[in-house]
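A look at the structure
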Amino acid sequence: MSILDALSPRPRISRSGVRAGLGFLSILIALTWMGGAVASDAAKRVDDYLSGLDSLKASFEQYTFSADHSQMMQANGTLYLQRPGRFRWEYDTPNEQVIIADGKRVYLHDIELKQVSQQSQDKSLRGTPALLLASADPIEKHFRVRSIESTDGRDWVELIPKAGDTDIVKIEIGFGKETLDSLIMEDSFGQETRLNFSGAQRNVSLKPSLFKIDPRAVDDFLQFD
């Protein structure tokens, strides 16, 4: 069992929402290895933006829609990324939850319940794009990549997973005039999650404590491996 399938007795953020967050962070890292593999202006822009990226902090809004396009969830929060392989995906609304990866394990902390679910990073992220966090493979090994036509002024790149057993079937990454702007993920159930980013800060100093669980804030640790 994955911790993504058992967040808590009262799951706050949908599993697809959690996977979207994890997927974005892995793609952000994986794109740094794209290099010249994809000859397109949009892909080059991604590569140029991520060149020299060591850390990142940004606010996000997350919207999840069902297959019939009705809205299922809206969430807000902050992400912190420290290469290699560490991140903190912090939900402020609708409920406080934190996803932390320290390079070896992934932790899901439900603040209200004071409960943490944990699992090895490889096992927890298996079958998701976030598996690339623990891999140095070039992105083209796992995705078919192409530029897609823009209808909103952004530059868009589409990623289609090559693996047949992943829950994610399509990812679209959008860039505004100066920075990463949006990410859209569609899963095998037809659900769509959109992430809009703002206030991105590159190569900021991040405290090591951001990527650790404070045991004093936890009453119950659940381990799934």
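Residues numbered from 1 in each chain as written. Predicted model: local features only at pLDDT ≥ 70, side-chain atom pairs only at ≥ 80, totals over all residues. Heavy atoms only, no water.

Things to note about the environment of glycine 176
Turning to its location among the elements, glycine 176 is positioned in the loop between strand E9 (168-175) and strand E10 (180-187). C-alpha of glycine 176 to C-alpha of arginine 154: the two residues are 22 residues apart in sequence and 4.9 Å apart in space. (Helix = DSSP H or I, 4+ residues; strand = E, 2+ residues; numbered from the N terminus.)

Digging into the nonpolar core
Core analysis: the largest hydrophobic core is formed by 28 residues, its most contacted members being Trp89, Ile99, Leu159, Ile171, Ile173, Leu183 and Phe197. In terms of nonpolar packing, the next biggest core, distinct from the first, is built from 10 residues, Tyr80, Val98, Ile100 and Leu206 among them. (Core = buried A, V, L, I, M, F, W, Y, C linked by side-chain atoms within 4.5 Å. Buried < 20%, exposed > 50% of the residue type's maximum accessible area, 1.4 Å probe, protein only.)

Things to note about the sheet that holds strand E6 (residues 115-120)
Pairing in this open sheet of 12 strands is mixed, and the strands run E7-E8-E9-E10-E11-E1-E2-E3-E4-E5-E6-E12 from one edge to the other. Of all strands in the sheet, those with a lone pairing partner are strand E7 (143-148) and strand E12 (220-223), marking the two edges. The mean inter-strand angle of the sheet, taken between neighbouring strand axes irrespective of direction, is 20°. Here six bridges tie strand E3 (residues 86-93) to strand E4 (residues 97-102), and the two strands are oriented antiparallel to one another. Looking at the pairing, tyrosine 91 lines up with glutamine 97 of E4. (Pairing = 2+ DSSP bridges. Axes fitted to C-alpha atoms, helices over the stretch in contact; angles between N-to-C directions.)

Quick look at the pattern of salt bridges
One pass over the full model with this rule turns up seven salt bridges. Put simply, glutamate 90 and arginine 88 hold a salt bridge, and the shortest N to O gap is 2.6 Å. Across the pair, exposure class does not vary: glutamate 90 and arginine 88 are buried alike. Aspartate 152 is the partner of arginine 154 in a salt bridge, and the nearest nitrogen-oxygen pair spans 2.7 Å. Bridged by salt links that share partners, the residues Asp152, Arg154 and Asp181 form one connected network. (Salt bridge = Lys/Arg side-chain N within 4 Å of Asp/Glu carboxyl O.)

Quick word on the environment of isoleucine 111
By the element assignment, isoleucine 111 lies in the loop between strand E5 (105-110) and E6. Accessibility expressed as a relative area gives 29% for isoleucine 111, which makes it partly exposed. For the pair isoleucine 111 and valine 218, spaced 107 residues apart in sequence, the C-alpha separation works out to 8.1 Å.

So, the pairing of strand E8 (residues 155-161)
Taking burial as the measure, the seven residues of E8 include six buried ones, the bulk of the element. Pairing of E7 with E8, which is carried by six bridges, proceeds in the antiparallel orientation. For arginine 144, the partnering residue across the bridge sits in E8 and is isoleucine 160. Taking the residues between adjacent antiparallel strands as the criterion, E7 and E8 are bridged by six residues, where glycine 153 takes a positive phi near 90°.

Some thoughts on unusual backbone geometry
Cis geometry marks the peptide bond from threonine 93 to proline 94, where omega comes out at 0°. With respect to the helices and strands, proline 94 occurs in the loop between E3 and E4. Of note in the backbone geometry, asparagine 203 takes a positive phi value of approximately 50° without being a glycine.

Describing the packing of aromatic side chains
Under the defined criterion, the tally for this structure stands at two aromatic pairs. For the ring pair phenylalanine 60 and tryptophan 89, a centre distance of 4.5 Å and an interplane angle of 20° mean the geometry is stacked. On the criterion of sequence distance, the pair formed by phenylalanine 60 in strand E1 (residues 55-65) and tryptophan 89 in strand E3 is long-range, its members being 29 residues apart. Assessed through its relative accessible area of 2%, phenylalanine 60 is described here as buried. The buried category is assigned to tryptophan 89, whose relative accessible area is 0%. Taken together, a centroid distance of 5.6 Å and an interplanar angle of 90° make the contact between phenylalanine 60 and tyrosine 91 edge-to-face. Of this pair, phenylalanine 60 sits in strand E1 while tyrosine 91 sits in strand E3, and the two are 31 residues apart along the sequence. Given a relative accessible area of 1%, tyrosine 91 falls into the buried group. By way of ring pairs, the aromatic residues Phe60, Trp89 and Tyr91 are connected into one cluster. (Phe/Tyr/Trp six-rings, centres within 6.5 Å; stacked < 30°, edge-to-face > 60°.)

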